[in-house]
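# Architecture at a glance
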Amino acid sequence: MTITHVDLRRGAYHDSVTLLQVSRTVADVEGVEAAQVAMTTELNVEVLSGMGFEIPEAAGPNDLVVAIRAVDEDAVAAGLAAAAAALSAKAAPSGGFGDAPAPRTTSGAVRVGGAELALISVPGRYATTEALDAIGAGASVMLFSDNVPVEDEVRLKDAAAAVDVLIMGPDCGTAVVGGVALGFANVVEAGPMGLVAASGTGAQQIMCLLDAAGVGISHCLGVGGRDLKAAVGGRSTRQALAALAADPATSSIVVVSKPPDEAVLTDLEAYAAGLGLPVRWATLGAGRPDLTTALEAVLKAEGHDVPEWPKWLSDSDPEPGAGLGSLRGLFCGGTLADEAMLIAAESLGDIRSNIPLRDDLALGSGLTHDGHLVIDFGDDGLTQGRAHPMIDPTLRMERIAAEAQDPTCGALLLDLVLGFGAHQDPAGELADAIRAAKGAARDSGRELPVVVSLTGTKGDPQGFAATAQTLSGAGASVFLSNRDATRHALTFLGGAR
């Protein structure tokens, strides 16, 4: 008999990143069928209700709920213990008797701690207020929150520029400042190259390729995925470029971006030309180099050798050119998904997506199509009230199983991003899904090649080589370069290598 437990804790605040990770920890406990540890905001209550949990009507946005559904009382107890341990491990140390109370506002925390940078991760509707509070206290902001209106983004960036601080975001998932990783970030060596990134997983891909080439970075300043769009006009990119140009540890800069607005890019290129150090561009778009090709050009320009990018080929793949069916790309990283579509579209033609290259290629709400498609499971529309798929890949796992049963699926192209903030041990779970998918396809009389774009470094806590070997052992071909992974997947569909 299934047991449901809902524990409401008044005024027990934890940030959303912490709670996403705690939820995942509890969900992994043996016997736990569903778990959510979250602040009881209106959106989270809606999600919890959809999961079948009854939340007390008196719950408010400053309360914490621990909701667990498990096979028996022992599993519930184990889940509660896991939640308590995870929350305790991530809690800030408390003061002693007579100490001043902890700050209750963002600006208060900035002033008490003398901080120059605040990381804000709250639901989007509250993010602008908190960011303005931090800016008012003189701090730069990494705004992890998504679902922030674009007009608020412009307002925040103008306010930051007025007091000469930087807004990184909103929806900024990756940054490395002075060697400190913020959000999702990989363990990379220190070096002279600075990054400005309007792209989270794109920045991680570039950092990991640089690390594989033996080149370190000074800083990686995220600016939010919309910064190079016309509505935002490159406001934070301009400030980040100026900051890196003034940094004595930075000798050159690479700007990484999802497809930018052409006029904004032209304006930024003109601005960068006057900074007095080399600024190079890895900006995706039709007719532009992919990220790996752009970085290879950067390495050559800087006098570095271009290495052979790591790969692990599966010996169970079908012969190239088999023309097996359609491409199915299931991604956690939006920029990696964008890049895969740009590369694949050159040989396959139109690709449907929830982040389409053209509006007429948008997938419907069911996210299905019998032709080529790429889904970004990290898109805002799929993460409201839910952990990012780099932390909780449940939705993607379900889709992998569904594609294995679909006779029109000719090849699966997946990404997996390692590093701080991501799932602590993703290899075994994904390997099981790959093994099951290939087995299901084989049972229906067809072969299903699986290709994984693995973004990571030798220093990442999950272990880059061990992860690659686990996935390869499950029958996947694994590549560090997203370009090379996409090209390999295309060989099974008759696409050009």
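Throughout, a residue's number is its position along its own chain's written sequence, starting from 1. Per-residue local features of the predicted model are confined to residues with pLDDT of at least 70, and side-chain atom pairs are confined, for both listing and counting, to 80 or more; whole-chain, interface and lining totals are unaffected and use all residues. For the side-chain quantities, the full set of heavy atoms in the structure was used; hydrogens and water were omitted.

### Details of the pairing of strand S8 (residues 180-183)
Within a regular strand, the side chains alternate between the two sheet faces. Definition in use: In this description, strands pair whenever DSSP reports at least two bridges between them. In this description a helix means any DSSP run of H or I spanning at least four residues, a strand means any run of E spanning at least two, and both kinds are numbered starting from the N terminus.
Relative to S8, strand S7 (residues 174-177) runs antiparallel, the two sharing 4 bridges. Each bridged residue has a counterpart across the sheet, and for threonine 174 the counterpart in S8 is glycine 183. With antiparallel pairing between neighbouring strands as the criterion, S7 and S8 make up a hairpin whose turn holds 2 residues, including glycine 178 at a positive phi of roughly 60 degrees.

### A closer look at the sheet that holds strand S5 (residues 140-143)
Going by this rule: Contacts: residue pairs with any heavy atoms within 4.5 Å of one another. Inter-axis angles, ranging from 0 to 180 degrees, are taken between N-to-C directions of lines fitted to C-alpha atoms, where helices are fitted over the stretch in contact.
Across the sheet, which stays open at both edges, the 3 strands sit in the order S4-S5-S6 with parallel pairing between neighbours. Each edge of the open sheet is held by one strand with a lone partner, namely strand S4 (117-120) and strand S6 (167-168). Of the pairings in the sheet, the one linking S4 to S5 comprises 4 bridges and is parallel in character. Paired with isoleucine 120 across the two strands is leucine 143, which belongs to S5. Those strands touched by helix H5 (residues 124-136) are S4, S5 and S6, and its axis lies near 160 degrees from that of S5.

### Focus: the pairing of strand S2 (residues 32-39)
Under the convention used in this document: Each residue's exposure class comes from its accessible area (1.4 Å probe, protein chains only) as a fraction of the maximum for that residue type: buried when under 20%, exposed when over 50%, partly exposed otherwise.
With respect to burial, S2 is a largely interior element, 7 of its 8 residues being buried. Bridge count between S2 and strand S3 (residues 64-70): 7 bridges; the pairing is antiparallel. Looking at the pairing, valine 32 lines up with alanine 70 of S3.

### Notes on the packing of helix H7 (residues 200-212) against helix H11 (residues 334-348)
What counts, and what does not: Relative orientations are named as follows: roughly parallel for angles under 35 degrees, roughly antiparallel for angles over 145 degrees, roughly perpendicular for angles from 65 to 115 degrees, and oblique for any other angle. Any residue that is not Ala, Val, Leu, Ile, Met, Phe, Trp, Tyr, Cys, Pro, Asp, Glu, Lys or Arg is counted as polar, Gly included; the first ten are nonpolar and the last four charged.
Between H7 and H11, whose axes approach to 5 Å, the crossing angle comes to 80 degrees. One finds that H7 runs roughly perpendicular with respect to H11. Between H7, through Gly200, Thr201, Gly202 and Gln205, and H11, the contact on the second element is made entirely by Gly334, Thr335 and Leu336. Split by residue class, the contact of H7 with H11 holds 1 nonpolar, 6 polar and no charged.

### Things to note about the nonpolar core
For clarity, the cut-off: In this text, buried Ala, Val, Leu, Ile, Met, Phe, Trp, Tyr and Cys residues form a nonpolar core when linked through side-chain atoms within 4.5 Å.
Ranked by internal contacts, the top residues of the largest apolar core, which has 58 residues, are Leu210, Ile400, Ile434 and Val452. In terms of residue count, the dominant contributor to this core is helix H14 (residues 427-443) (7 residues). Not counting residues up to four positions away in its chain, the partners in contact with valine 452 are Leu414, Leu416, Ile434, Leu471, Ala476, Ser477, Val478, Phe479 and Ala485. Counting residues in each nonpolar core, the second largest holds 50 residues, with Leu228, Cys332, Val374 and Val417 among its members.

### Quick notes on the pattern of salt bridges
This is how it is decided: Just to be clear on terms, a salt bridge is a Lys or Arg side-chain nitrogen sitting within 4 Å of an Asp or Glu carboxyl oxygen.
Considering all chains together, one arrives at 23 salt bridges under this definition. Residue lysine 157 pairs with aspartate 227 through a salt bridge whose shortest N-O separation is 2.6 Å. Of this pair, lysine 157 sits in helix H6 (residues 150-162) while aspartate 227 sits in the loop between strand S10 (217-222) and helix H8 (235-245); the two residues are 70 residues apart in sequence, bridging distant segments of the chain. Aspartate 227 gets classed as buried once you look at its relative accessible area, which sits at 0%. Residue arginine 280 pairs with glutamate 302 through a salt bridge whose shortest N-O separation is 2.4 Å. Placement of the pair is arginine 280 in strand S12 (residues 279-283) and glutamate 302 in the loop between helix H10 (291-301) and strand S13 (311-312), with a sequence separation of 22 residues. Overall, the relative accessible area of 22% leaves arginine 280 in the partly exposed class. Residue glutamate 302 is classed as partly exposed on the basis of its relative accessible area, which comes to 26%. Linked by salt bridges that have partners in common, Arg24, Asp28, Asp392 and Glu429 make up one network.

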